[in-house]
Amino acid sequence: MSVYILALETSCDETACSVIKDGKEVLSNIVSSQINIHSQFGGVIPEVASRIHVENISLVIQEALEKAEVTMDEVAGIAVTVGPGLIGSLHVGVMAAKTIAWLYDKPLIPIHHIVGHIYANKIVDDIQFPLLSLVVSGGHSELVFMKDDWSFKVLGTTQDDAVGEAYDKVARLLHLPYPGGPQIDRLAKQGKPHYTLKTPKTEGAYDFSFSGLKSSVLQLMERLKKQKEEIVEADIAYSFQEVALNMLVDKTMLAVEQYKPKHVVLAGGVAANSRLRSLITEKMESYPNVKLTIPPLSCCTDNAAMIGVSGYMAYQKGLFADLSIGANPWIDIESS
Ligand code: KG4
Ligand code: ZN
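This report concerns the structure included in the present document. (Residues numbered from 1 in each chain as written. Chains lettered and ligands numbered in written order. Predicted model: local features only at pLDDT ≥ 70, side-chain atom pairs only at ≥ 80, totals over all residues. Heavy atoms only, no water.)

**Examining the sheet that holds strand β2 (residues 14-21)**
Piece 1. The sheet built from five strands is open, its strands ordered β3-β2-β1-β4-β5 with mixed pairing. Both outer strands of the open sheet, β3 (25-33) and β5 (108-112), are each paired with one neighbouring strand and no more. Within the sheet, the average angular offset between the axes of one strand and its neighbour, ignoring direction, is 20 degrees.
Piece 2. Here six bridges tie strand β1 (residues 4-9) to β2, and the two strands are oriented antiparallel to one another. Within the sheet, the bridge partner assigned to Ile5 lies in β2 and is Ile20.
Piece 3. Across the face of the sheet, helix α2 (residues 46-68) comes into contact with β1, β2, β3 and β4 (75-83) while running at roughly 25 degrees to β2.
Piece 4. Here helix α11 (residues 305-317) sits on the sheet and contacts β1, β2, β3, β4 and β5; the angle it forms with β1, its principal contact strand, is near 130 degrees. (Pairing = 2+ DSSP bridges. Helix = DSSP H or I, 4+ residues; strand = E, 2+ residues; numbered from the N terminus. Axes fitted to C-alpha atoms, helices over the stretch in contact; angles between N-to-C directions. Contact = heavy atoms within 4.5 Å.)

**Remarks on the coordination of the zinc ion (ligand 2)**
Reference values for coordination geometry: four tetrahedral donors around a metal ideally subtend 109.5 degrees, six octahedral donors ideally subtend 90 or 180 degrees.
Piece 1. At the metal site, the zinc ion (ligand 2) is ligated by His113 (NE2), His117 (NE2) and Asp302 (OD), and these contacts range over 2.0 to 2.2 Å.
Piece 2. All donor residues of the zinc ion (ligand 2) come from one chain, and their arrangement in sequence is H-x3-H-x184-D. Note that His113 is positioned in helix α4 (residues 113-119) and Asp302 in the loop between α10 (297-300) and α11, a separation of 189 residues in sequence. The burial state of His113 is the same as that of Asp302; both residues are buried. (Donors = N, O, S within 2.8 Å, 3.2 Å for Na, K, Ca; no water. Buried < 20%, exposed > 50% of the residue type's maximum accessible area, 1.4 Å probe, protein only.)

**Topic: a nonpolar patch on the surface**
Piece 1. Side chains of Trp102, Leu103, Tyr104 and Leu323 sit close together on the surface and give an oily, nonpolar patch of about 450 Å² of accessible area.
Piece 2. The residue Leu103 is located in helix α3 (residues 87-104) in this model. (Patch = residues over 30% accessible without salt bridge, like charges linked within 9 Å, V, L, I, M, F, W, Y side chains within 5 Å. Areas by Shrake-Rupley, 256 points an atom, 1.4 Å probe, with all protein chains shown as cover. Salt bridge = Lys/Arg side-chain N within 4 Å of Asp/Glu carboxyl O.)

**Details of the site of ligand 1**
Piece 1. Near ligand 1 there are 21 residues, and of these Gly138, Asp168, Asp185, Gly269 and Asn273 occur at the shortest range.
Piece 2. At 2.9 Å from an oxygen atom of ligand 1 is found a main-chain nitrogen or oxygen belonging to Gly269.
Piece 3. Between Asp302 and ligand 1, the recorded distance is 3.1 Å, taken from a backbone N or O atom to an oxygen atom.
Piece 4. When ligand 1 is considered free in solution it has 560 Å² of accessible area, and contact with the protein chains removes 89% of it.
Piece 5. Residue assignment for the shell around ligand 1 shows that the elements contributing at least two residues are α4, α5 (163-173) and α6 (180-188).
Piece 6. Sorting elements by how many residues they give to the shell around ligand 1 places α6 first, with four residues.
Piece 7. Of the residues contributing to the shell around ligand 1, the split by class is six nonpolar, twelve polar and three charged.
Piece 8. When we break the shell around ligand 1 down by domain, the ones giving at least three residues each are domain 1 (4-119 + 300-335) and domain 2 (126-294). (Near = heavy atom within 4 Å. Polar contact = N/O pair within 3.5 Å; in protein donor to acceptor, adjacent residues only side chain to side chain. Nonpolar A, V, L, I, M, F, W, Y, C, P; charged D, E, K, R; others polar. Domains from an automatic or database assignment.)

**A short note on the pairing of strand β8 (residues 153-157)**
Successive residues of a regular strand alternate their side chains across the two faces of the sheet.
Piece 1. Strand direction decides the pairing type here: strand β7 (residues 141-146) and β8, joined by four bridges, are antiparallel. Among the inter-strand pairings, Val144 is bridged to a residue of β8, identified as Val154.
Piece 2. Between the end of β7 and the start of β8, which pair antiparallel, lie six residues, with Trp150 showing a positive phi angle near 60 degrees.

**Regarding the side chain of Gln241**
Piece 1. Its location among the elements puts Gln241 in helix α8 (residues 233-259).
Piece 2. Residue classification places Gln241 among the buried positions, given a relative accessible area of 3%.
Piece 3. Excluding anything up to four places from it in sequence, Gln241 contacts Tyr167, Ile184, Asp185, Ala188, Asn246, Asn273 and Arg275.

**Notes on the packing of α6 against α8**
Piece 1. Where α6 meets α8, the closest approach of the two axes is 8 Å, and the angle between their N-to-C directions is 110 degrees. As summarised for this structure, α6 and α8 are arranged roughly perpendicular, according to the angle between their axes. From α6, Ile184, Asp185, Leu187 and Ala188 reach across to α8, where they touch Glu233, Ala234, Ala237, Tyr238, Phe240 and Gln241.
Piece 2. In terms of residue class, the contact of α6 with α8 is made up of seven nonpolar, one polar and two charged. (Parallel < 35°, antiparallel > 145°, perpendicular 65-115°, else oblique.)

Geometry only, nothing functional implied.
Here's what the structure looks like:
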């Protein structure tokens, strides 16, 4: 008999619901994005995000079930992102999941957002272990090593801003609209290696740091302005992107050398970046025995299918929560 998981994801500014069959087949994947609203403010306004989640969540759930042609009676379990993310946004998804789980007497399956991003790769590829994942999003920059299925070890993380956050902040300095990542990606293609920006130092070999890089961009722009020199925005975008992405890719390659994974995957919204995709592909050519998966854009940005795929695995392991569970923005992936 087929197992259907209904999954909810509301950790940031996407209200998403998906129905997954047998852990792999995406029957529906509805994502209601709030980007048009937040872009007017240059970034996500948490209070506004949670209010829009409240308005949209029932509609998105209904649409996901209709598109999948699955009824609540047929659903085996309700998976939901419990953290990390914006507390108010997470809360809406968790409350909705708890309500449905109680009403229909289904198991409630709590999922870590980053676990979802990593397992999004399962939608498009068979994954192999040991696996190394470079998780890069608006809220995260992490290298996660998985010796086996459902075992998570964080090798390194950001000491300050997440890489997507840095993209969004630098985009704002360059007067580009939110979200800034795709804008810088596009603009940098026309840029040249004209400006020099230093790679920030980190404590751990696998850690990242981006806030100093953002400040260097600001200082460079102020200096050019003071000296009445032209500010070539495409060249700034180019230099920022090269430093940020080379830091990510160099540390990933260091981990490939040391941890010898069989498979490397990209995860999170910044994995949509065209330069990151080509850089890592190029570097991985020196490791022909290590598989590389770069998921399609629809799997990189926030969605509920990734929560459903992870939810199916957790369902099989019996990793359920009771109705006392709440949203947890500080949840630790290693205790998943
Ligand atoms: O994973 P995601 O959808 O949400 C979070 O969990 O944060 O990632 C959103 C982030 C934003 O910061 C956005 O600017 C960035 O991903 N992003 C990109 C690109 N597309 C989205 N960054 C760089 N290049 C892109 N093409
Ligand atoms: Zn995300």
